[in-house]
Amino acid sequence: MGDALAVYGRLVSAAIRSQLQYRLSFVLDVVGMFLVASLDFAAVLIIFHNVPRLGTFSVGEVAFLYALSAMSFALAEFVVGHLDLLNEYVRTGTFDVMLLRPRGTLFQVVSADFRLRRLGQLLQGVAVFVYALSVLDIHWNAGRVAMTLLTVICGAVIFSAVWVFVICVVFWTVEGTETANAFTYGGQFLTQYPIDLYSQWLRRLLGYAIPMSFVAYFPALYVLDKEDPLGLPSFLRFSSPLVAVVAVVFAGAMWRFAVRHYRSAGG
Amino acid sequence: MIEVERVEKRFVAWRKRGALRRERHEVRAVAELTFSIAAGTVCGYIGPNGAGKSTTVKMLTGILVPSSGRISVAGLEPSRQRIKLARRIGAMFGQRVQLWWDLPLVDSFELLRHVYRVPTDRYRANLARFRELLELDPFLQTPVRQLSLGQRVRGELCAVMLHDPEIVFLDEPTIGLDVVAKERVREFLTDANRERGVTVLLTTHDLADIERLCNRILMIDRGRLIYDGTVDDLLARYGAERTLVVDLEAPAPPLDVPGVSSVRVDGLRQWLRFRREDTTAAELTAAVARRARLVDLAVEEPDIEDVVRRIYTSGSDLTGV
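Residues numbered from 1 in each chain as written. Chains lettered and ligands numbered in written order. Predicted model: local features only at pLDDT ≥ 70, side-chain atom pairs only at ≥ 80, totals over all residues.

**Q** I would appreciate a short explanation of the overall build of chain A in the present structure.
**A** For chain A, the helix and strand inventory stands at twelve helices and zero strands. For 267 residues, the compact-globule estimate of 2.2 N^0.38 gives 18 Å, and the C-alpha radius of gyration of chain A, at 19 Å, lies within 12% of that figure. Structurally, chain A occupies a C-alpha span of about 55 × 40 × 35 Å along its principal axes. Taking as baseline every contact in chain A between residues at least 6 positions apart, the subset at least 24 positions apart corresponds to 80%. (Helix = DSSP H or I, 4+ residues; strand = E, 2+ residues; numbered from the N terminus. Rg over C-alpha atoms; globule rule 2.2 N^0.38 Å. Contact = placed C-beta atoms within 7 Å.)

**Q** I keep staring at the interface of chain B and chain A and nothing clicks. Help me out?
**A** In many analyses, interface size is given as the accessible surface area lost on bringing the parts together. Contacts between chain B and chain A engage 23 residues on the former and 20 residues on the latter. No other element matches helix H3 (residues 105-115) of chain B, which puts four residues into the side of chain B that touches chain A. Of the residues that constitute the side of chain B that touches chain A, the class distribution is 14 nonpolar, four polar and five charged. (Nonpolar A, V, L, I, M, F, W, Y, C, P; charged D, E, K, R; others polar.)

**Q** I keep staring at the sheet that holds strand S5 (residues 89-93) of chain B and nothing clicks. Help me out?
**A** The strands that make up a sheet are held in pairs by hydrogen bonds between backbone atoms, and each pair lies either parallel or antiparallel. Residue and element names in this part refer to chain B. Here we have six strands laid out as an open sheet, ordered S5-S6-S7-S3-S8-S9, and mixed in their pairing. Of all the strands in the sheet, just S5 and strand S9 (224-229) have a single pairing partner and so form its edges. The mean angle between the axes of side-by-side strands here comes to 15°, regardless of whether they run parallel or antiparallel. When strand S8 (residues 216-221) meets S9, the two strands line up antiparallel, connected through five bridges. (Pairing = 2+ DSSP bridges. Axes fitted to C-alpha atoms, helices over the stretch in contact; angles between N-to-C directions.)

**Q** Could you clarify how one ought to interpret the environment of Ser148(B) in this entry?
**A** All names here are of chain B. Turning to its location among the elements, Ser 148 is positioned in the loop between helix H4 (120-133) and helix H5 (149-161). Ser 148 gets classed as partly exposed once you count the C-beta atoms within 10 Å, which come to 13. Distance in space between the C-alpha atoms of Ser 148 and Ser 72 is 37 Å, their sequence separation being 76 residues. (Buried ≥ 20, exposed ≤ 12 C-beta atoms within 10 Å, placed from the backbone.)

**Q** Explain the confidence of the model for chain A here, please?
**A** Detailed reading of the predicted model is not advised wherever pLDDT is low. Here chain A averages 87 in pLDDT, and 93% of its residues register 70 or above. Here helix H10 (residues 200-209) of chain A is the element of chain A with the lowest mean pLDDT, 62, and helix H6 (residues 105-111) of chain A is the one with the highest, 95. (pLDDT = per-residue confidence, 0-100.)

Okay, here's the thing in structure tokens:
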């Protein structure tokens with residue numbers, strides 16, 4: 001484990017060094033990301049300019065949800081964002097080269113790159129978070145601080161796991177990346193809003209099939225000390241770590257299954 | 001070192017039938033393949049494109065799982081013990097870059113050292129030796145993307161050998177290289193085999209690679225083994241005929257040189273086929289020059305496709321020769 005982490009560190013720092021070879025492009029990416037993400041949040045503010053509340057949620061509360069989700073997502077993008085290149089890895093034989101090396105394939109794919117350019121997105125998430133805190137009057141205590149931190153981490157883990165799970169489609173069809181993006185980017189979009197806005201079937205999909213509501217919604221209810229407008233049991237508010245573990249287990253199993261398929265079908 | 005027993009690899013392909021309907025059909029990339037290679041052998045694995053060469057190599061290295069049959073490489077089963085096997089083999093697949101594209105060459109070696117957990121003293125000793133043999137020093141600090149093909153191939157060879165593999169799989173290691181670079185690659189492989197006892201399996205289209213390197217040849221076509229024997233034997237039977245192409249100053253009837261067959265005449269150009277053991281290109285050139293005034297000449301070596309074709313037309317099954 002320690003050795004794997006050390007090697008991950010080396011490979012990722014190599015990837016970052018590679019990106020920094022193109023310094024201008026890197027800076028433009030970070031700034032661009034920040035601006036695009038900010039426009040996205042501007043849309044939320046415009047909605048609240050016209051209506052005082054979304055369901056039972058105030059602008060600050062939605063901003064809080066949005067920030068949790070955005071920060072988790074940016075962290076997940078750092079680590080696994082380049083999975084959208086997996087089809088390229090498979091098509092060009094890079095994946096075969098990984099099969100020749102004495103390390104797990106998922107480990108190698110994940111450590112092949114690091115999307116540091118998503119820094120722009122992370123900064124935007126942090127900015128929205130600061131805004132949310134300035135608007136809201138949260139009664140901070142140790143539990144709530146810990147829950148907020150834990151939520152961002154668990155959220156990143158859940159996003160990453162969903163990402164790994166859906167990208168496996170690439171091992172069956174190289175054109176699968178778009179399908180996978182619909183789940184990952186689409187899923188992230190949904191987590192930015194309180195789930196009680198969505199119709200029941202979509203909520204079920206979110207709550208059960210894709211564990212997105214555990215990224216921000218449930219833990220945020222705890223931190224904001226809010227009644228669940230849906231009246232769902234309160235233990236859900238503390239379930240994110242468990243969901244994260246389960247998501248990782250499922251993603252790992254799916255990955256193994258997909259790679260086994262690839263190795264017997266021959267890509 | 002390598003044992004392959006009745007191995008088959010079938011792929012499922014889908015053929016389009018109309019707008020939406022597709023028909024499933026099976027492609028047999030490798031069929032009933034059986035051979036074994038002893039430790040320390042340099043074995044050429046040859047055959048035309050699409051014959052099943054890379055499918056075999058992918059099965060031997062654990063990338064692909066065979067549909068049926070048994071494979072043992074260095075005492076391990078590649079498909080089940082991929083990671084264990086990976087520490088003991090090295091592989092270089094032609095155009096695929098294993099090096100880190102944007103980083104100095106030496107950084108790739110450093111990264112691979114950690115990926116493979118090469119002990120520090122082994123790493124130092126190996127790198128020092130390979131730097132010398134492959135003359136890497138002038139471009140050790142150059143980003144890989146800026147290397148010439150020849151430099152990159154030398155870098156890749158070094159990368160493949162750093163963790164002291166017992167077996168090395170090479171796919172077209174000399175393709176696209178100039179004569180000098182080819183020779184350097186061959187010398188390096190010869191050294192690895194002699195000094196380190198590395199077993200080598202290489203696929204190539206270059207007869208000179210085979211002549212210079214291999215002491216054993218496996219030839220495969222349409223997924224089946226069609227020849228297993230020594231290089232000398234193969235060349236004596238099928239690769240012995242070379243062709244001298246001459247451009248004459250004035251049109252002439254087909255040149256008549258004893259023991260040489262005139263195979264084609266096209267205007268001023270004539271093709272003369274001769275056998276290696278009968279005469280040399282120099283002798284034949286002199287003989288032609290005595291009969292007509294020469295403007296230009298070239299010697300064509302038989303290529304693998306040629307040899308395969310000839311094995312086919314001879315109609316005999318040569319496995320086990």
